[in-house]
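# Residue-level structure breakdown
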Amino acid sequence: MVETWYFLLRGDHEHLARGELRALLEVYDSSSTPQCYTMICVAKTRREVAEKVARRAGFVREAGVLLGVEVITEARGEGFPDAPGLALRVDVFKNSCGRRDLEAILNRLRERIRGLRLRGDAEYAGYVSDGYLFTARRVIKASGRSEAFENRPFKRSIALRPEVARALVNLAHLREGEVVLDPFAGTGTVLTEAWLMGIRGVGVEIDPVIARGLRENIAYYGANAIPVYGDSSKTSLTNFDGVATDPPYGRGASTRGLGARAVYEFFLRFLAEYLPHGRFASFLAPLRLEKYVLELASAYGLRVWGRYYHYVHSGLTRVVFAVRAV
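A brief look at the structure comes next. It should be emphasised that the depicted structure is a prediction, and the values quoted were computed from it without experimental measurement.

### A short note on the packing of helix α1 (residues 14-28) against helix α2 (residues 47-56)
Put simply, α1 and α2 touch, their axes get as near as 10 Å, and they point 140° apart. With respect to α2, the axis of α1 lies oblique. The way α1 lies across α2 gives a crossing that is right-handed. Across the interface between the two elements, E20, L21, L24, L25 and Y28 of α1 pack against V49, K52, V53 and R56 of α2. Residue classes in the contact of α1 with α2 are distributed as six nonpolar, no polar and three charged.

### Some remarks on the state of the cysteines
Counted under the stated rule, the structure contains one disulfide. Each sulfur in the disulfide pair C36 and C41 lies 2.0 Å from the other. Looking along the S-S bond of the C36-C41 disulfide, the torsion reads about 105°, which is the right-handed sense. Looking at the unpaired C97, the closest cysteine sulfur is the one in C41, lying at 20 Å. Judged by its relative accessible area of 12%, C97 falls in the buried class.

Rules and cut-offs
Residues numbered from 1 in each chain as written. Predicted model: local features only at pLDDT ≥ 70, side-chain atom pairs only at ≥ 80, totals over all residues. Heavy atoms only, no water. Axes fitted to C-alpha atoms, helices over the stretch in contact; angles between N-to-C directions. Helix = DSSP H or I, 4+ residues; strand = E, 2+ residues; numbered from the N terminus. Parallel < 35°, antiparallel > 145°, perpendicular 65-115°, else oblique. Left-handed = near helix turned anticlockwise from the far one by under 90°. Contact = heavy atoms within 4.5 Å. Nonpolar A, V, L, I, M, F, W, Y, C, P; charged D, E, K, R; others polar. Disulfide = S-S within 2.5 Å. Buried < 20%, exposed > 50% of the residue type's maximum accessible area, 1.4 Å probe, protein only.

What follows is the structure, given as structure tokens:
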């Protein structure tokens, strides 16, 4: 049965969260297109699709059934069940509603629902965003994955965070049972996050010390992934379904003397030659190389499906690209 679902996004990388959600809906339900507001998106789809999307996404906080949408100046929470003593959570996103408007909404809700209780862990929720009250029933709350990541045996300070690696895999439009390639595998966060989603992987790493650490991390997770010690520019890499990676470009990365522009020139040329027709690749690039990467993608006939900005700190903003072989 098709219902209208809401997806609550993480506010720290909201633009990236929207792209990840859009990609996952394309994977599981190509007829479903999300409509997004500040920190919340809604889409019509089946329950099994919504649950898969919410569990896979790195930047979705929770999901549930949307009961109604009302303009906040008139909202009475008509979508909520008319049950005495209903427990309700209310959130206002990014100052999208003033205190006076919020108090007016709560007063109207209390007029409708006798004995209304406000609780942070309630099953029902009211979300205020962009001038609307979204009434909803919470179904799925995203679970944290940081403990396993922090306890992995091999660590590096520049390793991808698991939620970013997960978003890269999802932007590559991969399904369970398919194979993702990471030609710059590093400590293996892309491969291990892919495996946690039921996706197999192949990772190539040129640095022998990091390659050993990559193998240790794969073993720690019990991931169905193949670590390869070698140079991805000199290795035959075929029979994969998509690419998700973080090419080396900083001072702490292994580039074997190549400049950052040369690394991306090789990588985009590689994608144009080996990425299966119609399949996707996702990758990171520093903001200073955004225009150069766009020019390379166009020159090699790759269609840019999405482009998102990932703020790391004051000295580093990265661009998350998703491209498709056409």
